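Residue strings, one per chain:
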Amino acid sequence: MPGNLDELKATKGGLVSFLFLSGKDKEAIAAELKTAFKLGDAQAAKIVRRITGRVRLFQRVFELMAAK
């Protein structure tokens, strides 16, 4: 587990999660991921789609747990 934000943003999944939770749209996240990790357009879009789906799922789970 990352100990701070810099360690979190050093990974692809961490960067995507951080940016998504910060309110950036998927295209902006993909562009930043592409430049940070030197990825192609298709690969960056695929990573963003996969990770944002997981983040939305975890957000929903935490919301449901807090409601109980």
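Quick look at the structure, then. (Residues numbered from 1 in each chain as written. Predicted model: local features only at pLDDT ≥ 70, side-chain atom pairs only at ≥ 80, totals over all residues. Heavy atoms only, no water.)

## As for the side chain of threonine 52
Within the element layout of this structure, threonine 52 appears in helix 4 (residues 41-67). Under the relative-accessibility criterion, threonine 52 is labelled buried at 0%. A polar side-chain atom of threonine 52 sits 2.7 Å from the main-chain carbonyl oxygen of valine 48. Here arginine 49 takes part through its backbone oxygen, which lies 3.3 Å from a polar atom of the side chain of threonine 52. In this view, threonine 52 contacts Val16, Phe20 and Lys26; residues no more than four positions away in its chain are not counted. (Helix = DSSP H or I, 4+ residues; strand = E, 2+ residues; numbered from the N terminus. Buried < 20%, exposed > 50% of the residue type's maximum accessible area, 1.4 Å probe, protein only. Polar contact = N/O pair within 3.5 Å; in protein donor to acceptor, adjacent residues only side chain to side chain. Contact = heavy atoms within 4.5 Å.)

## Re the environment of glycine 53
Along the polypeptide, glycine 53 turns up in helix 4. Using a relative accessible area of 27% as the deciding quantity, one classes glycine 53 as partly exposed. When the C-alpha atoms of glycine 53 and serine 17 are compared, they prove to be 9.9 Å apart, with 36 residues separating the residues in sequence.

Any link to function would need more than the numbers given here.
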